[in-house]
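Now for the letters of each chain:
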Protein chains: 2
Amino acid sequence: MNYMLNNENAIYYECGYSCDNVLYLSLGSEAYFITDSRYTIEAREKVHNAEVVIDRDLYGRAVKILKESKVKKMIFDPKEWSVAAFQHLTDNTKITFSPEPDFSHKKRIIKSDEELKILAKAAKLGAKAFSRLAKEFQQNGIGENEFALTHKAKSVLGDYGKYDLSFDPIVALNANAAKPHALPTKKRMKAGDLLLVDAGLKYKRYCSDRTRTVQVGERFTFGTKSTFAKKKIQKAYDVVLKAHDNAIAKARSGMKAREVDALTRDLINKAGFGEYFVHSTGHGVGLDIHEMPYIASKSDTIIEDGMVYTIEPGIYIPGEFGIRIEDMVAMIDGKAVVL
Amino acid sequence: MNYMLNNENAIYYECGYSCDNVLYLSLGSEAYFITDSRYTIEAREKVHNAEVVIDRDLYGRAVKILKESKVKKMIFDPKEWSVAAFQHLTDNTKITFSPEPDFSHKKRIIKSDEELKILAKAAKLGAKAFSRLAKEFQQNGIGENEFALTHKAKSVLGDYGKYDLSFDPIVALNANAAKPHALPTKKRMKAGDLLLVDAGLKYKRYCSDRTRTVQVGERFTFGTKSTFAKKKIQKAYDVVLKAHDNAIAKARSGMKAREVDALTRDLINKAGFGEYFVHSTGHGVGLDIHEMPYIASKSDTIIEDGMVYTIEPGIYIPGEFGIRIEDMVAMIDGKAVVL
């Protein structure tokens, strides 16, 4: 099987190193990591299972290597190649390129033991960061707006420059939390507010992902046992937590992804909040923050040991509040283990 | 002229609003901003000169609109469309799509008076942030490593969550500054070190960009008049500053971009550092941090009033040190004005 990659994480997965200007060709038993001279030293040191080729003209060099090889067919991911980059190769070779959407994500759906260890560590570091963030918000968060709170979340999650983040954290108060992908506003946090934080950090390039929803008060942690003064919020929260716990307790290897999705959705539907759970139950996590498997109501993907994904049911009442509780799980010995 | 866009900044330029899931079709006198329901309210409020269309299936809806129109030819930028997205449209319509690389960047090369004001404000905010950063580094930077210093740069440039950044700041010490795109290391800053900072912030989505190189001491600002204890560094610094000042003083509308490039390069060559100036003199700045015009040794682009670009000569001695001084200029009444 021959394939070509131009996605940084897809390439890292193949050879243990990557950078922001690289093409990767896998031609039977040979592989080529083509980059420019800025990365010569690091690439030669860290790339394994591939020959490092240094060239200013990545695509020109790729064409040359492809012509010299006797390759007739190449797989590529049409979602990851631009029309321009792809045409450079099709115009200059006679190879048949076959599109394989999510090619690398499919390869990466089952995590190795080494990857599971790294993801567990990422999740643990993420959880610790949430604990520190709760303290930071209690001490210095009251009266700050969502922009400043988001900045604090970035600082604490990244441990002030030590870790990269999985994505820009979501820090949303009250009605703003009703938007699953809320952007910060100038609303300021005060005691009694509902606070939703969705954030993660990267450890050895692998992502963590976690969401907690709490009521701001003198003492709060980002645990899952939150209490709210408003009955309507508490009711919705309890439903989300029950759905979250139910999916973690009952997810099994061999199930279809939609059956795992149903473990949260059915409970939320029964409680009458179905129309307010507007997204899927979860998504795979790895080098990318969104990977396979997708835990969605229409997915027939079979869940298997070694998969890592989020369980993150939510209830979003427009104009009022939003609740989401998210943890990462790994399928181990047939069951979901929280990372 | 009919065209289609899927780049966030390209679309913002057309209609004053954008988001992370949008397609834009311009069909003669009609235009369509197609996005999903998460953005309904904001899009309806802020998009001008285009009809807001809400649909989960952006591409399907685009196909429908294209079929209903009598459009026969569409321009697109092959660098910005993925093979998959593009094929969705080619497979389902009979339109002839003509590739026009950098289509939006070409439209945006001359800035309007309104854009010039915004860019000037962005640059001014960036300059002020550098002043604050100098103080922060003097007070709390000594003994911190490049990761922590980079984090401080992000915090100060973004004013603790108020502004987005143009890009991840570069904060590099001594030999690490010799890499034009240095990544942070665990090296800790001490008095006497050479410190290079390349950073910018966004104001109303427009980028600022600025680089300063200084010697760390009890008192330093991020001005351009830096002094260094080591003679070799001081000599190189003086050459870079002279090149920087020369280009700003002598750049004229009507020149070719390569002539502006030569205003820095010739001086650096004459001083014997030519082989250590490994990049172009500058790049356009606007909604994207890298736009047209590119001030490069092979560019025949004619410089015109209303263009905004950086002047950023550098000298990089591998294993020893790197120097770069960068400012943004706007071409006004034929001359380069520092923003």
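Analysis parameters
- Residues numbered from 1 in each chain as written.
- Chains lettered and ligands numbered in written order.
- Predicted model: local features only at pLDDT ≥ 70, side-chain atom pairs only at ≥ 80, totals over all residues.
- Heavy atoms only, no water.
- Helix = DSSP H or I, 4+ residues; strand = E, 2+ residues; numbered from the N terminus.
- Rg over C-alpha atoms; globule rule 2.2 N^0.38 Å.
- Buried < 20%, exposed > 50% of the residue type's maximum accessible area, 1.4 Å probe, protein only.
- Contact = heavy atoms within 4.5 Å.
- Areas by Shrake-Rupley, 256 points an atom, 1.4 Å probe, with all protein chains shown as cover.
- Lys, Arg positive; Asp, Glu negative; His and termini not counted.
- Charge placed at Lys NZ, Arg CZ, Asp CG, Glu CD.
- Polar contact = N/O pair within 3.5 Å; in protein donor to acceptor, adjacent residues only side chain to side chain.
- Pairing = 2+ DSSP bridges.
- Axes fitted to C-alpha atoms, helices over the stretch in contact; angles between N-to-C directions.
- Buried area = accessible area lost by both parts, 1.4 Å probe.
- Salt bridge = Lys/Arg side-chain N within 4 Å of Asp/Glu carboxyl O.
- Least-squares fit on C-alpha atoms with pLDDT ≥ 70 in both.

Visitor: If you had to explain the overall build of chain A to someone new, which residues and values would you point to?
Guide: Each helix and strand counted, chain A has nine helices and 18 strands in total. Radius of gyration (C-alpha) of chain A: 22 Å, near the 20 Å computed for a compact globule of 339 residues. C-alpha atoms of chain A, sized along the principal axes, occupy 70 × 40 × 35 Å. Taken over 339 residues, chain A has a buried fraction of 56%. Sequence-distant contacts, at least 24 apart, represent 61% of the contacts inside chain A between residues at least 6 apart. Here chain A has roughly 15400 Å² of accessible surface; of this, 49% comes from carbon and sulfur atoms. Treating the 51 positive side-chain charges of chain A as one cloud and the 45 negative ones as another, the clouds have centres 4 Å apart.

Visitor: So what's going on with the side chain of Glu291(B)? Which residues, and what values?
Guide: Residues and elements named next belong to chain B. Mapped onto the secondary structure, glutamate 291 falls in strand 13 (residues 291-295). For glutamate 291, a relative accessible area of 2% puts it in the buried group. In terms of polar contacts, glutamate 291 uses its side chain to reach the side chain of lysine 111, at 2.7 Å. Reaching out from glutamate 291, the side chain makes a polar contact with the backbone nitrogen of leucine 287 at a distance of 3.0 Å.

Visitor: Before we move on, could you go through the sheet that holds strand 8 (residues 194-199) of chain A and cite the residues and values that matter?
Guide: Residues and elements named next belong to chain A. Read across the open sheet, the three strands follow the order 7-8-11; overall the sheet is antiparallel. Edge strands, defined here as strands with exactly one partner in the open sheet, are strand 7 (170-173) and strand 11 (210-215). Neighbouring strand axes in the sheet, compared pairwise and without regard to direction, differ in orientation by 10° on average. Relative to strand 8, strand 7 runs antiparallel, the two being bridged by four bridges. Counted as the bridge partner of valine 171 is valine 197 from strand 8.

Visitor: How would you explain the interface of chain B and chain A if you had to name every residue and give the values?
Guide: Each partner contributes residues to the interface: chain B has 16 residues there, and chain A has 16 residues. Carbon and sulfur atoms make up 64% of the surface buried where chain B meets chain A, a total of about 1500 Å² over both sides. In this assembly, chain B and chain A are joined by zero salt bridges. Of all the secondary structure elements, the ones that give two or more residues to the side of chain B that touches chain A are helix 4 (83-92) and helix 7 (146-157) of chain B.

Visitor: Could you give me a rundown of the relation of the copies chain B and chain A, with the residues and numbers involved?
Guide: Rotating chain B by 180° and translating it 0.1 Å along the rotation axis places it on chain A, where the RMSD comes to 0.0 Å. Look at the turn and shift together and you get a two-fold axis relating the two. Across chain B, the rotation axis passes nearest the C-alpha of Ser82(B), at a separation of 2.1 Å. An overlap of 100% is found between the interface residues of chain B and their copies at the interface of chain A, pointing to a shared contact surface.

Visitor: Now, about unusual backbone geometry: what can you tell me, with residues and values included?
Guide: Residues and elements named next belong to chain A. Backbone torsion omega between methionine 292 and proline 293 reads 0°, so that peptide bond is classified as cis. Position of proline 293 relative to the elements: it lies in strand 13 (residues 291-295). In this structure, lysine 204 takes a positive phi of about 50° despite not being glycine. Within the secondary structure, lysine 204 sits in the loop between strand 9 (202-203) and strand 10 (206-207). Notably, aspartate 333 is not glycine yet its phi reads approximately 50°, a positive angle.

Visitor: Lay out the sheet that holds strand 8 (residues 194-199) of chain B with the relevant residues and their values.
Guide: Residues and elements named next belong to chain B. Read from one edge to the other, the open sheet built from three strands follows the order 7-8-11, with strand pairing classed as antiparallel. What marks the edges here is a single partner per strand, and that holds for strand 7 (170-173) and strand 11 (210-215). Strand-to-strand twist across the sheet, computed as the mean angle between neighbouring axes with direction ignored, equals 10°. Contacts from helix 6 (residues 113-140) reach strand 7, strand 8 and strand 11 within the one sheet, and its direction differs from that of strand 8 by about 145°.

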